[in-house]
Amino acid sequence: MSDAHGSGTPDILLEAGTNEVEILVFRLGSRHFGVNVAKVREVIRSVPVIDVPHKHPSVVGFFEIRGHVLSLLDLAAHLGIRPSGAHDGDGGIAGGPAYGDRSIIVTEFNGQRLGFLIDGVERIHRMGWNRIQSVPRTAIGQRDDAEAPNATTGVLTLDDETLVLLVDFESVADSILDENRLHVEAVANETGIDRAEVVVVLAEDSAFMRANMRRALEASGYRHVHIAHDGLAAWAEIDRQGTKIDVIVSDIEMPGMDGLALTRKIREDARFATTPVVLFSSLVSRDNANKGRKVGATLQIPKPELPELVRIVDHLAGGMDYQPSVGVDVHGRESDAWEQRSAA
């Protein structure tokens, strides 16, 4: 990863299942926000932007970097810190810093690369997920309904008592670029299993994603879907359900206990030595797949492949092997679609 000046920043390798995370802290106005370093390719100075007609109010335009043309999203505008749709000809926003004084976080998740316009970068902090708390629904950039896209998923207090909100970049991107792709109808039951009898535990910190995952499963006939809002709550539910569980599905990024640490804890309990565990996360990629394998994940697929998730639960609940269309299985077999997603 490169810093705001374009120089190399050393990557700190985190062991799988240690429940640690690296957070890049950045500024929007006088407020501090953060993002998981695993989603960040680099941070650059502002670059020339191509304006586009009929764009979303939070979209500045397109920019080119290293042979890729990316959308540039203005995070301050989207979070309501500054007015939306007030971009000047150079990409600045009324009442904010000049465009040339701002920075761009170049991200990669869910098989896509995006740029997020910010005011400035602070530094990277390494910490345990247990220092990160869930955000109340009344937080910045969120509506009151539980199924609204979350703008933030966690909050942490730094050693100097600075409050940092973790931005849910995936939900921000989904709400701007394609608001309908997570609305999934019933998925055909190709395995013939009795979905109504299958017990599934879902661990996901985003209320918006939890609602969509539950909707996809229940629309397809699943009736015993137990929801947990983070890894700690998930483990409590798993421990309570015991051997009745057929399949566990977990996000990786979660306050309290992340999905890798949760998977390791599951595998350390003899009751769940063979229980299928699916990691369903924007962090699932070729580069990160080895971490999931080390802690014993059965399958790993990137968000937001909801129909594929339903098919995976079908096969695993029925005791059948399955090669995901996008992702990696416990044997280390990768789907052919990785190349297509990486190039997207």
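This text goes with the structure placed above it.
A short tour of the structure in this document, coming up. (Residues numbered from 1 in each chain as written. Predicted model: local features only at pLDDT ≥ 70, side-chain atom pairs only at ≥ 80, totals over all residues. Heavy atoms only, no water.)

## Topic: the overall build of the chain
Now for step 1: A count of helices and strands for the chain gives 8 helices and 16 strands.
Now for step 2: Expressed as a percentage of the 344 residues in the chain, the buried residues total 56%.
Now for step 3: For the chain, the share of sequence-separated contacts (at least 6 apart) that also reach a separation of at least 24 residues comes to 63%.
Now for step 4: When the accessible surface of the chain is split by element, carbon and sulfur atoms take 47% of a total near 14,600 Å². (Helix = DSSP H or I, 4+ residues; strand = E, 2+ residues; numbered from the N terminus. Buried < 20%, exposed > 50% of the residue type's maximum accessible area, 1.4 Å probe, protein only. Contact = heavy atoms within 4.5 Å. Areas by Shrake-Rupley, 256 points an atom, 1.4 Å probe, with all protein chains shown as cover.)

## Re helix α2 (residues 169-177)
Now for step 1: Burial runs high along α2: 8 of the 9 residues are buried.
Now for step 2: Those residues of α2 that sit buried are F169, E170, S171, V172, A173, D174, S175 and I176.

## Notes on the pairing of strand β10 (residues 163-167)
Now for step 1: Burial analysis of β10 places 4 of its 5 residues in the buried class, the great majority of the element.
Now for step 2: Judged from the 3 bridges that link them, strand β2 (residues 31-36) and β10 form a sheet pairing that is parallel. The residue bridging F33 from the neighbouring strand is L165, located in β10.
Now for step 3: The pairing of strand β9 (residues 152-157) with β10 spans 5 bridges and is antiparallel. Opposite G154, over in β10, you have L166 as the bridge partner. (Pairing = 2+ DSSP bridges.)

## Things to note about the packing of aromatic side chains
Think of a pair of aromatic rings as described by two things: how far the centres are apart, and how the planes are tilted against each other in angle.
Now for step 1: All told, the structure shown has 4 aromatic pairs when counted by the stated rule.
Now for step 2: Between F26 and F33, the aromatic rings sit 6.2 Å apart at their centres with planes inclined by 25 degrees, giving stacked as the arrangement.
Now for step 3: Judged by its relative accessible area of 0%, F26 is buried.
Now for step 4: Residues W235 and F272 carry aromatic rings whose centres are separated by 6.1 Å and whose planes lie at 85 degrees to one another, so their mutual orientation is edge-to-face. Here the residue W235 occupies a position in helix α4 (residues 231-241), and F272 occupies one in the loop between α5 (259-268) and β14 (277-280), the gap between them amounting to 37 residues.
Now for step 5: An aromatic cluster is defined as three or more aromatic residues linked by ring pairs; in this entry it consists of F26, F33, F116 and F169. (Phe/Tyr/Trp six-rings, centres within 6.5 Å; stacked < 30°, edge-to-face > 60°.)

## Quick notes on the nonpolar core
Now for step 1: By size, the foremost hydrophobic cluster in this structure holds 27 residues, and its most contacted members are F26, L28, L75, I105, F116 and F169.
Now for step 2: When residues of this core are traced back to their parent elements, those giving at least two are β1 (20-28), β2, β3 (40-45), α1 (75-78), β6 (103-109), β7 (112-118), β10 and α2.
Now for step 3: Looking at this core, the element that brings in the most residues is α2, giving 4 residues.
Now for step 4: Beyond its immediate stretch of four places on either side in the chain, I105 contacts L24, F26, V35, V40, E42, V43, L114, G115, F116 and I118.
Now for step 5: Grouped together as the second largest cluster of nonpolar side chains are 25 residues, V249, V278, V310 and I312 included. (Core = buried A, V, L, I, M, F, W, Y, C linked by side-chain atoms within 4.5 Å.)

## Re the pattern of salt bridges
Now for step 1: Within the structure shown, the criterion is met by 19 salt bridges.
Now for step 2: Three or more residues are tied together by salt bridges with common partners; here these are K39, E170 and E253. (Salt bridge = Lys/Arg side-chain N within 4 Å of Asp/Glu carboxyl O.)

## Let's talk about empty space enclosed by the protein
Now for step 1: Summed over the entire model, instances satisfying the criterion amount to 1 cavity of 30 Å³ or more.
Now for step 2: Computed from the structure, the largest cavity encloses a volume of approximately 240 Å³.
Now for step 3: Lining the largest cavity are 27 residues, and of these K39, T153, D168, E170 and E253 lie nearest its centre.
Now for step 4: Mapped onto the lining of the largest cavity, the elements with two or more residues apiece are β1, β2, β9, β10, α2 and α3 (207-219).
Now for step 5: For the lining of the largest cavity, the class distribution of residues is 11 nonpolar, 7 polar and 9 charged. (1 Å grid on protein atoms, 1.4 Å probe; cavity = no way out; pocket = protein on both sides within 12 Å on 5 of 7 lines; lining within 4 Å. Points joined across faces, edges and corners; volume = space filled by probe spheres on them. Nonpolar A, V, L, I, M, F, W, Y, C, P; charged D, E, K, R; others polar.)

## Overview of the sheet that holds β7
Now for step 1: The strand order β3-β6-β7-β5-β4 describes an open sheet built from 5 strands, whose pairing is mixed. If you trace the sheet from one side to the other, it starts and ends with β3 and β4 (59-65), each paired once. Neighbour-to-neighbour, the strand axes of the sheet open up by a mean angle of 30 degrees, direction not taken into account.
Now for step 2: Sheet contacts for α2: β4, β5 (68-74), β6 and β7; angle to β7, the most-contacted strand, approximately 100 degrees. (Axes fitted to C-alpha atoms, helices over the stretch in contact; angles between N-to-C directions.)

## Considerations on the sheet that holds β10
Now for step 1: As summarised here, the arrangement of the 5 strands in space is β8-β1-β2-β10-β9, forming an open sheet in which the pairing is mixed. At either end of the open sheet lies a strand with only one pairing partner, and these are β8 (120-128) and β9. The average undirected angle you get between the axes of adjacent strands in this sheet is 30 degrees.

## Structural notes on the packing of α3 against helix α7 (residues 306-317)
Now for step 1: Orientation of α3 relative to α7, taken along the N-to-C sense of each, is 55 degrees, at an axis distance of 10 Å. Relative to α7, the element α3 is oriented oblique. When you trace α3 past α7, the crossing you get is right-handed. Taking contact as the criterion, the partners of N212, M213, A216 and L217 in α3 are, on α7, L306, L309, V310 and V313.
Now for step 2: Residues belonging to the contact of α3 with α7 are distributed by class as follows: 7 nonpolar, 1 polar and no charged. (Parallel < 35°, antiparallel > 145°, perpendicular 65-115°, else oblique. Left-handed = near helix turned anticlockwise from the far one by under 90°.)

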